[in-house]
Amino acid sequence: MRKETSTNYINEKEIHDNCSMALTISLLSGRWKPSILWHLQQGDLRYADLKKKVPGATERILVRQLQELEKDRLITKQISPEKPVKTTYALSELGHSLIPVLRMIEGWGDKYKHAPSHNSNPIT
């Protein structure tokens, strides 16, 4: 966790306060966050089921990104009182509102992948 007095923290806060696009990108940043949100749009998932749907994520990273999504109020976490304990994740109302954005990003990515100059891009 960064100090609230650090230049980096102050700059990031200023950008997020003044640029909604940068804030949105920041909320979605993280290799697995878009995938987690995408899978949760299909319905609530228990942790084990979510882990199966995002097999490339290590347990540590998956837990961290779930915690961040919950902190950012994009998902909710419900823990059942019965034994064995069941942890279920769901999209919050705010998380549901991001699904059209993710669909637009997916459409843009599909167009980019099929663009003629895509083959020369170093990120592929």
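Summary of the structure given here. Source: prediction; values computed, not measured. (Residues numbered from 1 in each chain as written. Predicted model: local features only at pLDDT ≥ 70, side-chain atom pairs only at ≥ 80, totals over all residues. Heavy atoms only, no water.)

**Description of the overall build of the protein**
Point 1. Within the protein, the regular secondary structure consists of 7 helices and 3 strands.
Point 2. In the protein, the succession of helices and strands from N to C terminus is α-α-α-β-α-α-β-β-α-α.
Point 3. Considering only C-alpha atoms, the protein reaches an extent of 55 × 40 × 25 Å along its principal axes.
Point 4. Classification of the 124 residues of the protein by burial places 26% in the buried group.
Point 5. Sequence-distant contacts, at least 24 apart, represent 44% of the contacts inside the protein between residues at least 6 apart.
Point 6. Considering the protein, the positive charge centre built from 19 side chains and the negative charge centre built from 14 side chains are found 6 Å apart. (Helix = DSSP H or I, 4+ residues; strand = E, 2+ residues; numbered from the N terminus. Buried < 20%, exposed > 50% of the residue type's maximum accessible area, 1.4 Å probe, protein only. Contact = heavy atoms within 4.5 Å. Lys, Arg positive; Asp, Glu negative; His and termini not counted. Charge placed at Lys NZ, Arg CZ, Asp CG, Glu CD.)

**Notes on the packing of helix α3 (residues 33–40) against helix α5 (residues 59–71)**
Point 1. Contact geometry for α3 and α5: axes closest at 10 Å, N-to-C directions at 70°. Here α3 lies roughly perpendicular to α5, going by the angle between them. Across the interface between the two elements, K33, I36 and L37 from α3 touch L62, Q65, L66, E68 and L69 from α5.
Point 2. Among the residues making up the contact of α3 with α5, the classes are represented as 5 nonpolar, 1 polar and 2 charged. (Axes fitted to C-alpha atoms, helices over the stretch in contact; angles between N-to-C directions. Parallel < 35°, antiparallel > 145°, perpendicular 65-115°, else oblique. Nonpolar A, V, L, I, M, F, W, Y, C, P; charged D, E, K, R; others polar.)

**Describing the packing of aromatic side chains**
Point 1. Tallied over the full model, the rule gives 1 aromatic pair.
Point 2. For the pair W108 and Y112, a centre-to-centre distance of 5.3 Å together with 15° between the ring planes defines the contact as stacked. You can see W108 and its partner Y112 sitting in helix α7 (residues 99–113), 4 residues apart, about one turn around the helix.
Point 3. In this structure W108 comes out as exposed when scored by relative accessible area, which is 59%. (Phe/Tyr/Trp six-rings, centres within 6.5 Å; stacked < 30°, edge-to-face > 60°.)

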